[in-house]
Amino acid sequence: MVKGMTLVAPVASAAAFDALASLFSALGFEPGRGWQDAQGPGRGAAFLAPIGNLEIVTGRPPAVPLILIEVTQLDAVYTTVEKWLIAHHRTEDLATLLTPIAPTHWNSRLFTATLTLASPQPATNNLQPATSLTLGFWESENPLHNKPIAIEGDLSAEGMRFAIVAARWNAVITDRLLRGALDALHRSGAAKAAIQIVRVPGAWEIPSAARTLAESKKFDAIITLGCLLRGETAHYEAIYTEVARGIGQLQQETGVPHAFGVLTCDTLEQALDRAGLKAGNKGFEAAIAAIEMVSINKKLAGPA
């Protein structure tokens, strides 16, 4: 079985060797295990890439260099290569050594760089030292390129049913969270008739109402909204711990997704920031999480 592939590129001088090593290090290649010939001046340095491909073609060859290096942040790579070429070549030669970044017909962007190494020297061990090395650097324009295949939820709430349990305590906060959750559901296609809102006295009562709703099997997900502000006693910690544990336990026992939108803040200002001011709206975020989890569960369950 094939384990790996190594491309050996001899260069003509120690100076060229050191210059190329500095470039590849600057580009982010992982250094491999080098070697030194104990019988002579020979030495080698390995530069590793996470993925390597051997590609063969027939017919008209593609108009690209033999060595293609896939990168991220192509513009930053271009700048690095350009600086290296300016440092090791004449400025007037730059236009012939470095091409501009240009789109390709295979949904990517590409530039080529020709690294002149040294004047020709005699071949050793059947390897002819290169006087130049042309590399192509490219970046895919496809956002899914080389991404691992994963099951992910969609953000369409059409046909889904939701229950929202919102505490009345700290209503100046929870009302904002509720508006954010409703906004997210309606924007995502949920029908008004498919949303049941339940108001409970405080955060402590949220798990009890959520259990009743989940066990009714009428809803695809439960969205829990509340706000706890730290006081001078340990009451805050006791309430928050039990509310969080209860909601998490409900999700595991009933199999119905529960989105956690209960704020735990030190001050009213922090809570307001998280209810639609500086830090987004956690009610909106909880509703979006609920929609995604319903979608994921349906995909994992497969066709009905």
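Owing to the predicted nature of the structure, the values given are computational and were not obtained by experimental measurement.

A. Looking closely at the overall build of the protein chain. Scanning the protein chain from terminus to terminus reveals eight helices and twelve strands. Computed over C-alpha atoms, the radius of gyration of the protein chain comes to 30 Å, more than 25% over the 19 Å expected from 2.2 N^0.38 for 304 residues, which places it beyond the range of a compact globule. When its C-alpha atoms are laid out on the principal axes, the protein chain stretches across 90 × 50 × 40 Å. With 304 residues in all, the protein chain has 36% of them scored as buried. In the protein chain, once contacts between residues fewer than 6 apart in sequence are set aside, the share between residues at least 24 apart is 70%. Here the protein chain displays about 18900 Å² of accessible surface, and carbon together with sulfur accounts for 56% of that area. With 25 positive and 28 negative side-chain charges, the protein chain shows a separation of 6 Å between the mean positions of the two kinds.

B. Representation of the nonpolar core within the structure. If you look at the biggest cluster of nonpolar residues, it comprises 30 residues, and the most contacted ones within it are Phe-162, Ile-164, Ile-173, Leu-185, Ile-223 and Leu-225. Among the secondary structure elements, those contributing two or more residues to this core are β9 (162–167), α4 (171–187), β11 (221–229), β12 (258–265), α7 (268–273) and α8 (282–301). The element best represented in this core is α4, accounting for seven residues. In this structure, Leu-27, Ile-69, Leu-98 and Phe-137 belong to the second largest nonpolar core, which totals 23 residues.

C. Up close: helix α1 (residues 14–27). The first and last C-alpha atoms of α1 sit 20 Å apart over 14 residues, in line with the 20 Å expected at 1.5 Å per residue. By the burial criterion, the buried members of α1 are Ala-16, Phe-17, Ala-19, Leu-20, Ala-21, Leu-23, Phe-24 and Leu-27. Looking one or two places after α1, you find Gly-28, whose phi comes out positive at around 100°.

D. Representation of the sheet that holds β11 in the model. Pairing within the open sheet is parallel, and its four strands lie in the order β10-β9-β11-β12. On the outer flanks of this sheet lie β10 (195–200) and β12, each paired with one strand and no other. Each neighbouring strand pair of the sheet contributes to a mean axis angle of 15°, computed without reference to strand direction. Inspection of the sheet shows β11 paired to β12 by eight bridges, in the parallel sense.

E. Structural detail: the sheet that holds strand β8 (residues 132–140). On the basis of which strands lie adjacent, the open sheet formed by four strands has the order β5-β8-β7-β6 and mixed pairing. Looking at strand neighbours, the two that pair on one side only are β5 (67–70) and β6 (102–103), the edges of this open sheet. For strand β7 (residues 108–116) and β8, the ladder comprises nine bridges, and the chain directions are antiparallel. Bridging across to β8, Thr-116 finds its partner in Ser-132. Its contacts with the sheet put helix α2 (residues 74–88) on β7 and β8, and the angle it makes with β7 is roughly 15°.

About the cut-offs
- Residues numbered from 1 in each chain as written.
- Predicted model: local features only at pLDDT ≥ 70, side-chain atom pairs only at ≥ 80, totals over all residues.
- Heavy atoms only, no water.
- Helix = DSSP H or I, 4+ residues; strand = E, 2+ residues; numbered from the N terminus.
- Rg over C-alpha atoms; globule rule 2.2 N^0.38 Å.
- Buried < 20%, exposed > 50% of the residue type's maximum accessible area, 1.4 Å probe, protein only.
- Contact = heavy atoms within 4.5 Å.
- Areas by Shrake-Rupley, 256 points an atom, 1.4 Å probe, with all protein chains shown as cover.
- Lys, Arg positive; Asp, Glu negative; His and termini not counted.
- Charge placed at Lys NZ, Arg CZ, Asp CG, Glu CD.
- Core = buried A, V, L, I, M, F, W, Y, C linked by side-chain atoms within 4.5 Å.
- Expected span 1.5 Å × (residues − 1).
- Pairing = 2+ DSSP bridges.
- Axes fitted to C-alpha atoms, helices over the stretch in contact; angles between N-to-C directions.

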